[in-house]
Each structure stands twice: as structure tokens, then as C-alpha cells.
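Here is what each chain is made of, one letter per residue.
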Amino acid sequence: MAKNKWTKYIIILVAALILLFIQNLKTKKHAQKIEDIFNLKSEMVTEFTVTKDTLTVTLIKSDTSWVFASPDTGIVNEQKVTSFLTNIIEDGKTTEYQTKNPDNYYKYNVTDELGTHLTVTVSGTEKQNLIIGQSSSTWAHDYIRFPDDPKVYITNKKLLYNLSERASFWRK
């Protein structure tokens, strides 16, 4: 008699564990996928170029400091470069994607004409590119698109606060 009493509780426990496992699988399926924009350390970056419309600025790492590529002159504000490297290169993340339809790129300002182009050079040879579009609906994030990926991703933070295609942004 006591054996049958425990059997009922064991069946209830097993059923509860199975339901918990199923619920956990459903939750993982809908969890937001977060990935690094660049899988780099800031020390690996030797050069970066920011372009929008007809304006372009290129900064090059010279030993321990950053300098403008010609014809730009002036002293580079190292704090701006450090902020860029930290917030975009190391901590910049994508969350979910908004669209993969090229007809919708203009809505997210990631067309070749509307977007801000960022080219990061690693160890002097490898280049990584992306197009950043400003969100018109919120100031909390931007949109990005990689040239070889049709998807437009949402960023975890506002990237355009940390970069500009204008040399004056980077000067002391």
C-alpha cells in the first residue's frame, strides 16, 4: 500500500520535470541572440576609416598613438579613439535582425548612400566593413549591415555617438 502512494508522487514529479524541460526549450527558442559586432580586441586595430557621403576620415595607429592619414592634420583626441575602440570594437553587439529584404534598407538608413561606412583594418591587412544607419525611432540604438550579409541588425547601443566622418570630431 505504501509503495503505491510513493509511485503517484514519483509520477507527478517526473511529469513536472518534463513540463519544466519543455518550457525551458521554448524559452531558449525565443531568447534574444546577442553577438559581437567585431570579434576583436582593440589592440589588434591598426587603422580605421569612417565615410559618409563625400566625407572621409582615416586614423592610423603609429606606435602607441593615433594619427590622421593625410591630408588631415592636427592632434588626435586619444580619448575619442579609446571610446570608439571600447564602445564599438570591443563592446558593440548586435541583437536581433530587423529585415533581410534589400528593399527595406532605406528605412534603416543602411543603404550605400545613406549609411555611415566603417572600415576597420586589423594587423595592417585584414579589413572588416560595416554600414551603420541611424535609428529614427529611438536614440538607444542604431542599425548595422555587413556588406556580405543581407540582414539588418539592431545594435545594443548607439554607435554613432562614438564615431564621425568629420576630422574635427577626432581632433583635440
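Everything discussed here concerns the structure shown above.
So, how was this worked out
- Residues numbered from 1 in each chain as written.
- Predicted model: local features only at pLDDT ≥ 70, side-chain atom pairs only at ≥ 80, totals over all residues.
- Heavy atoms only, no water.
- Helix = DSSP H or I, 4+ residues; strand = E, 2+ residues; numbered from the N terminus.
- Rg over C-alpha atoms; globule rule 2.2 N^0.38 Å.
- Contact = heavy atoms within 4.5 Å.
- Pairing = 2+ DSSP bridges.
- Buried < 20%, exposed > 50% of the residue type's maximum accessible area, 1.4 Å probe, protein only.
- Core = buried A, V, L, I, M, F, W, Y, C linked by side-chain atoms within 4.5 Å.

J.: Any chance you could break down the overall build of the protein chain for me, citing the residues and the numbers?
T.: Across its full length, the protein chain carries three helices and nine strands. Tracing the protein chain from N to C terminus, the helices and strands come up as α-β-β-β-β-α-β-β-β-β-β-α. Its C-alpha atoms give the protein chain a radius of gyration of 24 Å, clearly above 16 Å, the size a compact globule of 172 residues would have. Taking the principal axes of the C-alpha coordinates as reference, the protein chain spans close to 90 × 40 × 30 Å. A sequence separation of at least 24 residues applies to 57% of the contacts in the protein chain between residues at least 6 apart.

J.: Tell me what's going on with the sheet that holds strand β7 (residues 126-134), and back it up with residues and numbers.
T.: Reading across from one edge, β1-β5-β9-β8-β7-β6-β2-β3-β4 is the order of the nine strands in this open sheet, with antiparallel pairing throughout. The open sheet has two edge strands with one neighbour each: β1 (35-36) and β4 (65-68). Bridge analysis of strand β5 (residues 93-99) against strand β9 (residues 152-155) gives three bridges, and the strand direction is antiparallel. Following the sheet pairing, Tyr 97 is matched in β9 by Tyr 153.

J.: Can you lay out the environment of Ser 135 for me, pointing to particular residues and giving the numbers?
T.: Position of Ser 135 among the secondary structure elements: in the loop between β7 and β8 (142-145). Here Ser 135 falls in the buried class, since its relative accessible area comes to 3%. Here the alpha-carbon distance between Ser 135 and Thr 95, two residues 40 residues apart in the chain, equals 14 Å. Contacts of Ser 135, omitting those with residues within four sequence positions, involve His 141, Asp 142, Tyr 143 and Lys 158.

J.: Tell me about the nonpolar core, and please be specific about residues and values.
T.: Core analysis: the biggest nonpolar cluster contains 29 residues, and Phe 38, Phe 48, Leu 59, Phe 84, Leu 118, Val 120 and Trp 170 have the highest contact counts within it. If you list the elements that add at least two residues to this core, you get β2 (45-52), β3 (55-62), β4, α2 (78-90), β6 (116-122), β7 and α3 (167-170). If you tally residues by element for this core, the top one is α2, at five residues. Excluding anything up to four places from it in sequence, Leu 118 contacts Phe 38, Phe 48, Thr 49, Val 50, Phe 84, Ile 88, Gln 128, Asn 129, Leu 130, Ile 132 and Leu 163. Formed by seven residues, the second largest nonpolar core is a distinct cluster that contains Val 110, Ile 131, Val 152 and Ile 154.

J.: Which residues make up the pairing of β7, and what values do they have?
T.: Pairing geometry for β6 and β7, over seven bridges, is antiparallel. Directly across from Thr 119, in β7, lies its bridge partner Asn 129. Here β6 hands over to β7 after three residues, with Ser 123 in that stretch at a positive phi of 55 degrees. Sheet analysis places β7 next to β8, joined by four bridges and oriented antiparallel. Within the sheet, the bridge partner assigned to Gln 134 lies in β8 and is Asp 142.

J.: Provide a residue-level description of the pairing of β2, including the pertinent values.
T.: The pairing of β2 with β6 spans six bridges and is classified as antiparallel. Residue pairing in the sheet places Thr 51 in a bridge with His 117 of β6. Pairing analysis gives six bridges linking β2 to β3, with the strands arranged antiparallel. Each residue of the ladder has a partner; that of Val 50, found in β3, is Val 57. Count of turn residues in the β2/β3 antiparallel hairpin: two residues, of which Asp 53 carries a positive phi of about 55 degrees.

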